[in-house]
Number of protein chains: 2
Amino acid sequence: MAVLFPAHPGFRGPMAPQRLECDIFELEYEGTLPPALEGCFYRCGPDPQFPPKSTDDFFINGDGVVSMFRFRDGHVDFRSRFVRTEKFELERQARRALFGGYRNPFTDDPEVHGADRTTANTSVFWYDGELFAVKEDGLPHRLDPETLETRGKLRFEGQRTPHFTAHPKFDPVSGELVFYGTEAGGLASSDIAYCEADGHGTLTHEAWFEAPYASMVHDFALTQKYVIFPVMPTVADLPRMRKGGAHFAWDDGRETWLAVLPRKGTAKDVRYFRGPARWSFHTMNAFDEGSRVHIDLTVSEINGFSYLPNAEGKAWDPEKARSYLTRWTCDMANDSERFVEQRLSAMPSDFYKCDPRRATLPYRWGFMAAKDPDAPRVPGAPDTVFNTVAAIDHQSGRVHSYFVGAASVVQEPVFVQRSDDAPEGDGYLLAVVNRVAEKRAELLVLDTADLSAGPVATVKLPIPLRMTFHGDFVSGAQLGWQDGKSE
Amino acid sequence: MAVLFPAHPGFRGPMAPQRLECDIFELEYEGTLPPALEGCFYRCGPDPQFPPKSTDDFFINGDGVVSMFRFRDGHVDFRSRFVRTEKFELERQARRALFGGYRNPFTDDPEVHGADRTTANTSVFWYDGELFAVKEDGLPHRLDPETLETRGKLRFEGQRTPHFTAHPKFDPVSGELVFYGTEAGGLASSDIAYCEADGHGTLTHEAWFEAPYASMVHDFALTQKYVIFPVMPTVADLPRMRKGGAHFAWDDGRETWLAVLPRKGTAKDVRYFRGPARWSFHTMNAFDEGSRVHIDLTVSEINGFSYLPNAEGKAWDPEKARSYLTRWTCDMANDSERFVEQRLSAMPSDFYKCDPRRATLPYRWGFMAAKDPDAPRVPGAPDTVFNTVAAIDHQSGRVHSYFVGAASVVQEPVFVQRSDDAPEGDGYLLAVVNRVAEKRAELLVLDTADLSAGPVATVKLPIPLRMTFHGDFVSGAQLGWQDGKSE
């Protein structure tokens, strides 16, 4: 009885499962590691522990792996570990996949009925002195920030939603954590649970409301005054799931609805702004300007996942799937039920970050993975992969960028401020690049003061690193490291 | 301050340090895993923990890494760990190389003077229910056979030699372990300590004798009646070391001397047989035939390491460094002081194994890594790498072989008998192959009943595996696994 992953491109070449739990001590690097990097860069992404039950399984259904680049005293170490979810542990014991398709429990083996299906494969965040890995269909899993061992789940006292977004927001003014759960009332329900917690583990707000339809709400937006949930036509459907079909399908017969609530508001406060069918994975930032709410996010005409079915059977169009940094504006002072859309950059982009000190506030700098469309396609990689690290200056509208090289794929760049009192956006971007032909990864350290100059330091790995989704940098001070005392 | 390995080919391309301590659960495989493989295949090889103190450092000076393919119930898992030698631990604490050149303590940092320099990077063996990793300049390190954690060193009660060979022999008739230490009396001394132990941890014999000159005695030979130490002109020199030079240099002004002792003999029993300057890394087997002692080993005209200096400054000649399976015969009944040399195969070869049940005895089958000289050179790899798994039938003289493919490098094949009562040589060969262009390794399982048919199973790794030296297979029964009880 062979053990083999499916032969389709999602499991071959640069997308091949890697499944390494590993330690590499004292990574090679060239250049100079800036003192600002004292701390750990964590990343989260999918890697299937076992060949999937169905050969048409896809990338985002893999089990969560968290990796760490640990920067200390001019040294860099690497570690990666699977998140020990209930799904992971049950399957490890069985030594095979027991859980079926992406977010479809009807495709699971009967013996795991009712078990927690989340893979915790999407993002990491740091909250109240702890590190968490999370996917939007479950609760965050707590990880030891040094060993990456899994240490239970995060559920606030009194919290009703069983789900948590992979993109929680932090209010830098109040220190609050803002999150939400979709399908909060059950599989394919349109209930969204909007939650806030203080900075120290206490849930302060949980309000449920019903969205116009059940959709994937992968990210949201937060300002000082408002919280915005974009409901876009990546639609969940229970009868389809019961037949073993996809959790989500793209249905561009529907409009995009932005649910805008005042902070700490409830269902009765929801106001909708509508627009054409759109898709967005990620928000860069949002802010208030008088009565207007601006939301900067990546926007495409259809869902970017080629493997998501189309509700009407239309073929997936890669051109329409390209996503661009876009500003949606809702004016709370007028009666319009429509939001205004403005494209901010002509370069396809996604995987956004802003300086966390300016999150929810008017801001100047946004960071992103972008695509130079003139660069040759990377062999074996999807056409959607990125090859450029970019920063947009919203003051001038200018995009500064660094092309990471031919046959190379760049993952989400993560911003690290140069110092606590550095100006907004002044610091470094950390971005993992896979050199596809060489089958080795590098971590580039780019200085935002001169992005196009290329890396100030290049950390080298002896292996490629499988594509991840999102990462975060946690400083040595946050980690409780003592100055001058090496581990 | 950058951290970088030297740019020369010994640290680049297929030879690049990897330094992974990793776990991969449930490796992919194609084909059928035979029931005989229930157990663990362990390998040992060098991988430098840190960039070396000198840029002309070379491959064999790397720190010992032991890896394990664990076969159980049709599943294969992989694990690799550094051996925690004293050198490893001191350098880890310092986060840099403190020890200098290969077996030259005069090149070390003063603060580690007197510390155990061994890297335990050469081979693994199973003795008295325990697993050990060893290099010939130190004692074996005990490893947990499941976790690969290091658990101290092996030194028999009463043992005087501070060194242990990387190629101990097991007498299948008596169950004895036979080993030796070179330079036993101190750096560059010509003392060889010949030792035997029973199968249960008791040293039964230790006899020291002085070799004609201090040389690298990397392997030796054992029959039921004799033990043979080949002294060949890879010569150790203390004054050269004191000047920071190499431990060994090739000096073909000297002859090869075979020191032949009766089993349990002492210095007074040594009889020498001489021959032209030769080099051999490894013995396949040895046996008695009447008064004659046959030693089957790989033989080249000069030392195979291109980076070893030549005592007279001659350039290293790759043609002369090619090594071939050769039989040396000493006739104990006549007065000749010369041994007789006969080449057994025209194919370059090394990394020998025989069926352990026939070790020290007349035998039919020998196994080896060999080189098809017509295959194109593997880009980036030394010319000396092997591309073929071969078995010689000494009864017919015929060599059966399997070419592992273009741009591929094969490591030492390890024999596993089909069953306890299978005929000699009937079973499987396990051989790691690096697919250099794809940068992935495979473990081939070849059936000795039809080697040229190719693998009956191919285990696939998501990464390449750095070249190792030697391995061993330890059965589930030896490991104390209970039938039908999975971990």
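Above this note sits the structure.
Everything numeric in this text was worked out from a predicted model, so none of it was measured.

*Asks:* For this particular structure, what's the right way to read the nonpolar core?
*Replies:* By size, the foremost hydrophobic cluster in this structure holds 56 residues, and its most contacted members are Phe69(A), Phe71(A), Phe69(B) and Phe71(B). Discounting residues that sit within four places of it in the chain, Phe71(A) has contacts with Leu33(A), Leu37(A), Glu38(A), Gly39(A), Phe41(A), Val76(A), Leu430(A), Leu443(A), Val459(A), Phe473(A) and Trp481(A).

*Asks:* Even after reading the chapter, I still don't get the pattern of salt bridges, so can you show me in this structure?
*Replies:* Side chains carrying opposite charge are able to pair once their charged atoms draw close together. What the rule picks out here adds up to 97 salt bridges over all chains. As a salt-bridge pair, Glu26(B) and Arg95(A) come within 2.5 Å of each other at their nearest N and O atoms. With Glu26(B) in the loop between strand S1 (21-24) and strand S2 (28-31) and Arg95(A) in the loop between helix H1 (86-94) and strand S6 (123-127), this residue pair bridges two chains. This pair shows no difference in class: Glu26(B) is buried, exactly as Arg95(A) is. For Asp296(B), the salt bridge goes to Arg327(B), with nearest N and O atoms at 2.6 Å. In this pair, Asp296(B) sits in strand S21 (residues 292-299) while Arg327(B) sits in strand S22 (residues 324-331), placing the two residues 31 residues apart along the sequence. Considered together, Asp296(B) and Arg327(B) belong to a single accessibility category, that of buried residues. Here the residues in one salt-bridge network are Asp171(A), Glu176(A), Glu196(A), Arg263(A) and Lys264(A), joined through shared partners.

*Asks:* Sorry, what's going on with the interface of chain A and chain B here?
*Replies:* In many analyses, interface size is given as the accessible surface area lost on bringing the parts together. On the side of chain B, 36 residues touch chain A, which itself brings 36 residues to the contact. Both faces combined, the contact of chain A with chain B buries some 3,400 Å², and carbon together with sulfur accounts for 52% of it. For the chain A face of the interface with chain B, the top three residues by lost area are Phe25(A), Glu28(A) and Arg95(A), together amounting to 23%. Linking chain A with chain B are 6 salt bridges. Between Asp77(B) and Arg95(A) there is a salt bridge, and its shortest N-O distance comes to 2.4 Å. Inspection of the region where chain A meets chain B yields 16 residue pairs in polar contact (both at pLDDT 80 or more). In the side of chain A that touches chain B, the residues fall into 16 nonpolar, 4 polar and 16 charged. Where strand S1 (residues 21-24) of chain A lies against S1(B), 3 bridges are found, and the strand directions are antiparallel. Along S1(B), the bridge assignment pairs Asp23(A) with Glu21(B).

*Asks:* What is the right way to read the packing of aromatic side chains from this model?
*Replies:* How two aromatic rings sit relative to each other is given by the distance of their centres and the angle of their planes. Counted under the stated rule, the structure contains 56 aromatic pairs over all chains. Ring geometry for Phe5(A) and Phe11(A): centres 6.0 Å apart, planes at 20°, overall stacked. When sorted by exposure, Phe5(A) lands in the same class as Phe11(A), which is buried. Between Phe125(A) and Phe170(A), the aromatic rings sit 6.4 Å apart at their centres with planes inclined by 50°, giving tilted as the arrangement. Of this pair, Phe125(A) sits in strand S6 while Phe170(A) sits in strand S10 (residues 169-170), placing them 45 residues apart in sequence. Within the aromatic cluster, the residues linked to one another by ring pairs are Phe58(A), Tyr102(A), Phe248(A), Trp279(A), Phe281(A), Phe305(A) and Tyr307(A). The side chain of Arg92(A) reaches across the aromatic face of Phe25(B), ending 3.6 Å from its centre. The positively charged end of Arg343(A) is found above the aromatic ring belonging to Tyr324(A), 3.8 Å away from the centroid.

*Asks:* When you look at the sheet that holds strand S18 (residues 256-262) of chain B in this model, what are you seeing that I'm missing?
*Replies:* Working definition: the strands of a sheet are paired by backbone hydrogen bonds and lie parallel or antiparallel to each other. Residues and elements named next belong to chain B. Taking strand neighbours across the sheet as the criterion, the 4 strands line up as S14-S15-S18-S19 in an open arrangement whose pairing is antiparallel. Looking at strand neighbours, the two that pair on one side only are strand S14 (221-222) and strand S19 (271-275), the edges of this open sheet. Pairing geometry for strand S15 (residues 226-231) and S18, over 6 bridges, is antiparallel. Considered in S18, the bridge of Val231 is made with Trp257.

*Asks:* Would you explain the pairing of strand S23 (residues 340-354) of chain B in this entry?
*Replies:* Both faces of the sheet carry side chains from a regular strand, because those side chains alternate between them. All names here are of chain B. Examined bridge by bridge, S22 and S23 share 5 bridges and lie antiparallel to one another. Residue pairing for S23: Trp328 is matched across the bridge by Glu341. Note that S23 and strand S24 (residues 365-370) share 4 bridges and pair antiparallel. Bridge pairing in S24 links Lys353 to Phe367.

*Asks:* Would you take a moment to explain the sheet that holds strand S19 (residues 271-275) of chain A for this structure?
*Replies:* Residue and element names in this part refer to chain A. In space, the 4 strands of this open sheet follow the order S14-S15-S18-S19, with antiparallel pairing throughout. Every interior strand has two partners, whereas the edge strands, strand S14 (221-222) and S19, have only one. In terms of strand pairing, strand S18 (residues 256-262) meets S19 through 5 bridges, oriented antiparallel. Looking across to S19, one finds that Ala259 is bridged to Tyr272.

*Asks:* Even after reading the chapter, I still don't get the relation of the copies chain A and chain B, so can you show me in this structure?
*Replies:* Mapping one chain copy onto the other needs a rotation about an axis and a shift along that axis. For these two chains of identical sequence, chain A goes onto chain B by a turn of 180° and a shift of 0.0 Å along the axis, with RMSD 0.0 Å. As the rotation angle and translation indicate, the two copies are arranged about a two-fold axis. Nearest to the rotation axis, the C-alpha of Cys22(A) is located 2.0 Å from it, this being the minimum over chain A. Of all interface residues in chain A, 100% are interface residues in chain B too; the two copies therefore contact each other through one and the same surface.

*Asks:* Help me understand the side chain of Lys353(B), please; the structure alone is not making it clear to me.
*Replies:* Relative to the helices and strands, Lys353(B) resides in strand S23. In this structure, Lys353(B) is in contact with Met284(B), Gly366(B), Phe367(B), Glu412(B), Pro413(B), Val414(B) and Gly471(B), ignoring residues within four places of it in sequence.

*Asks:* Just to check I follow, could you spell out unusual backbone geometry for this structure?
*Replies:* Note: most residues except glycine have negative phi, and most peptide bonds are trans. All names here are of chain B. Even without a glycine there, the phi angle at Asp73 is positive, about 50°. Secondary-structure assignment places Asp73 in the loop between strand S4 (63-72) and strand S5 (75-82). Here Asp73 falls in the partly exposed class, since its relative accessible area comes to 41%. Located in the positive-phi region is Thr360, a residue other than glycine, with phi close to 75°. Looking at the element boundaries, Thr360 is found in the loop between S23 and S24.

Cut-offs applied
- Residues numbered from 1 in each chain as written.
- Chains lettered and ligands numbered in written order.
- Predicted model: local features only at pLDDT ≥ 70, side-chain atom pairs only at ≥ 80, totals over all residues.
- Heavy atoms only, no water.
- Core = buried A, V, L, I, M, F, W, Y, C linked by side-chain atoms within 4.5 Å.
- Buried < 20%, exposed > 50% of the residue type's maximum accessible area, 1.4 Å probe, protein only.
- Contact = heavy atoms within 4.5 Å.
- Salt bridge = Lys/Arg side-chain N within 4 Å of Asp/Glu carboxyl O.
- Helix = DSSP H or I, 4+ residues; strand = E, 2+ residues; numbered from the N terminus.
- Buried area = accessible area lost by both parts, 1.4 Å probe.
- Polar contact = N/O pair within 3.5 Å; in protein donor to acceptor, adjacent residues only side chain to side chain.
- Nonpolar A, V, L, I, M, F, W, Y, C, P; charged D, E, K, R; others polar.
- Pairing = 2+ DSSP bridges.
- Phe/Tyr/Trp six-rings, centres within 6.5 Å; stacked < 30°, edge-to-face > 60°.
- Lys NZ or Arg CZ within 6 Å of the ring centre and 35° of its normal.
- Least-squares fit on C-alpha atoms with pLDDT ≥ 70 in both.

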